[in-house]
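Letter by letter, the chains look like this.
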Amino acid sequence: MVELKTPAEIEQMRAAGRVVANALQTVKKHATAGVSLLELDVVARDVLRTAGAVSLFDGYQPGFSTLPFRGVICTSVNDAVLHGLPNELRLQDGDLLNVDCGASIDGWCADSAISFCVGTPHPEDLELIATTERALAAGIAAAVPGNRIGDIGAAIGQVGRQAGLGTNLDFGGHGIGRRMHQDPHIPNNGRPGRGLKLQTGHVFAIEPWFWTGPSSTYQIDEDGWTLRSADQTRGAHAEHTVAITPDGPRILTLP
């Protein structure tokens, strides 16, 4: 069943969204060459602890993983495109880093992700990030009452195809509320007019992610989590938690 949230419940999710946004921006500020992914996880952990928030990631174990996640953020570097497990890897100048964070306050959840360059950026990485953010904006713009889930996916997929990027449908957006992952699944491609009809009170995590390799596939590292492109092409990921309102989409994970 797909839940509808009341305005008061959406406000509670917004409180969690502010904490997630603060954690991501704080991590970005500390993500310099020489800093380890574990050190960035500590930075995010401190933000959540100070705010009285609970991590949605630490200890999480869905069906596809053999081990629970260890960390409060996903840190995916270069060809690691999703679910990167924080480890002792130290960032280098020119790395492309994707950071995903989820947290709850008083049981209400929010989930968001950003991608950025460490130090001196590669132009192609900047373009990949910009395209992924455009796709997120397009998906959010389609999240209005009366549209359908397929309209969100179609808007995202069109941006990726026009840029010649690779899209994978195994992982994508999702409903969110009292739990991080709720129905429905929101693939990053789709057909307009298909799927669940959007109503005021729906809240979704919309999250496009793309590879620079249009035909790339993925493999999962031995840590059971880090999802890496099979051909070593780089990926970017962008995500916001978004509420459907009578006045249009409301982003709950803005700073």
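Below is a short write-up of the structure.

### Section: the packing of helix H1 (residues 7-30) against helix H2 (residues 37-51)
Two measures define how a pair of helices packs: the angle their axes make with one another and the distance between the axes.
Thinking step 1. Direction vectors running N to C along H1 and H2 enclose 150 degrees, while the axes themselves pass 9 Å from each other. When the axis of H1 is compared with that of H2, the two are roughly antiparallel. Two packed elements cross with a definite hand, and for H1 against H2 that hand is right-handed. Contacts between H1 and H2 involve Val-19, Asn-22, Ala-23, Thr-26, Val-27 and His-30 from the first element and Leu-40, Val-43, Ala-44, Val-47, Leu-48 and Ala-51 from the second.

### Remarks on the sheet that holds strand S14 (residues 248-251)
Thinking step 1. In space, the 5 strands of this open sheet follow the order S7-S6-S8-S13-S14, with antiparallel pairing throughout. The open sheet has two edge strands, strand S7 (182-186) and S14, and neither has a second partner. Recorded for the sheet is a direction-independent mean angle of 30 degrees between the axes of neighbouring strands.
Thinking step 2. Of the strand pairs in this sheet, strand S8 (residues 203-206) and strand S13 (residues 240-245) are connected by 4 bridges, and their pairing is antiparallel. Among the inter-strand pairings, Ile-206 is bridged to a residue of S13, identified as His-240.
Thinking step 3. Lying on the sheet, H1 is in contact with S8, S13 and S14; it crosses S14 at an angle near 40 degrees.

### What to know about the nonpolar core
Thinking step 1. Leu-40, Leu-48, Ile-73, Leu-91 and Leu-97 are the most contacted members of the largest nonpolar core, which totals 28 residues.
Thinking step 2. Core analysis: the second largest hydrophobic core is formed by 24 residues, Leu-128, Ile-149, Ala-155 and Val-159 among them.

### Points about the pairing of strand S4 (residues 96-105)
Thinking step 1. Most of S4 is tucked away, with 10 of its 10 residues classed as buried.
Thinking step 2. The alternating pattern of S4 places Leu-96, Asn-98, Asp-100, Gly-102 and Ser-104 and Leu-97, Val-99, Cys-101, Ala-103 and Ile-105 on opposite faces, both of which are buried.
Thinking step 3. The pairing of strand S1 (residues 54-55) with S4 spans 2 bridges and is antiparallel. Bridging across to S4, Val-54 finds its partner in Ser-104.

### Examining helix H4 (residues 149-162)
Thinking step 1. Look at H4: 20 Å from first C-alpha to last across 14 residues, which is about the 20 Å you get at 1.5 Å a residue.
Thinking step 2. For H4, a buried count of 11 out of 14 residues is recorded, marking the element as mostly surrounded by other parts of the structure.
Thinking step 3. Within H4, burial applies to Ile-149, Gly-150, Asp-151, Ile-152, Gly-153, Ala-154, Ala-155, Ile-156, Gly-157, Val-159 and Gly-160.
Thinking step 4. Of the surrounding elements, those touching the buried residues of H4 are helix H3 (123-141), S7, S8 and strand S9 (209-211).
Thinking step 5. Looking one or two residues beyond H4, the residue adopting positive phi is Gly-164, at roughly 75 degrees.

### Looking at the packing of aromatic side chains
Thinking step 1. In the structure shown here, the tally under the stated rule is 4 aromatic pairs.
Thinking step 2. Judged by centre distance (5.0 Å) and plane angle (85 degrees), the rings of Phe-69 and Trp-225 are edge-to-face. Taken as a pair, Phe-69 in the loop between S1 and strand S2 (73-77) and Trp-225 in the loop between strand S10 (218-220) and strand S11 (227-229) lie far apart in primary sequence, 156 residues in all. Both residues of the pair, Phe-69 and Trp-225, belong to the buried class.
Thinking step 3. Of the aromatic side chains, those joined through ring pairs into one cluster are Phe-57, Phe-69 and Trp-225.

### Here we look at H2
Every α-helical turn comprises 3.6 residues, leaving residues that sit three or four positions apart pointing alike.
Thinking step 1. Here H2 contains 15 residues, and its C-alpha end-to-end distance of 22 Å stays within 8% of the 21 Å for a straight helix at 1.5 Å per residue.
Thinking step 2. Among all positions of H2, only Leu-37, Leu-40, Asp-41, Val-43, Ala-44, Val-47 and Leu-48 are buried. One side of H2 holds all its buried residues, which, seen down the axis, span an arc of 155 degrees. The outward face of H2, more than 90 degrees from its buried face, is lined by the exposed residues Arg-49 and Thr-50.
Thinking step 3. Buried-residue contacts for H2 involve H1, S1, S2 and S4.
Thinking step 4. Looking one or two residues past H2, Gly-52 carries a phi angle of roughly 75 degrees, positive in sign.

### Let's talk about the environment of Gly-224
Thinking step 1. One can find Gly-224 in the loop between S10 and S11.
Thinking step 2. Expressed as a C-alpha distance, the spacing of Gly-224 and Phe-64, which sit 160 residues apart in the sequence, is 8.3 Å.
Thinking step 3. The contacts of Gly-224, once residues within four sequence positions are left out, are Phe-64 and Ser-65.

About the cut-offs
Position numbers for residues count from 1 along each chain, tracking the sequence in the order it is written. Since the coordinates come from a predicted model, pLDDT governs what is reported: local features require at least 70, and pairs of side-chain atoms require 80 or more to be given and counted, while whole-chain, interface and lining totals use all residues. Note: side-chain values were computed over all heavy atoms of the structure, leaving out hydrogens and water. To get an axis, fit a line to the C-alpha atoms, keeping to the stretch in contact for a helix; angles then go from 0 to 180 degrees between the N-to-C directions. Per the convention used, a helix needs a DSSP run of H or I reaching at least four residues, while a strand needs a run of E reaching at least two, with both numbered from the N terminus. Roughly parallel covers angles under 35 degrees, roughly antiparallel covers those over 145, roughly perpendicular covers 65 to 115, and oblique covers all other angles. Put simply, a crossing is left-handed when the front helix is turned counterclockwise from the back one by less than a right angle, and right-handed when it is turned clockwise. Residue contacts are counted whenever heavy atoms from the two residues lie within 4.5 Å of one another. Strand pairing requires that DSSP identify at least two bridges connecting the strands. Take the buried Ala, Val, Leu, Ile, Met, Phe, Trp, Tyr and Cys residues and link them wherever side-chain atoms come within 4.5 Å; each set so joined is a nonpolar core. For every residue, the accessible area obtained with a 1.4 Å probe (protein chains only) is divided by the maximum for its type, and the residue is called buried under 20%, exposed over 50%, and partly exposed between those limits. Any helix carries an expected span of 1.5 Å times its number of residues minus one. We call Phe, Tyr and Trp rings a pair once their centres come within 6.5 Å, taking the six-membered ring for Trp, and we label the pair stacked below 30 degrees between planes, edge-to-face above 60, and tilted otherwise. The directions from the helix axis to the C-beta atoms are what the arc is built from.

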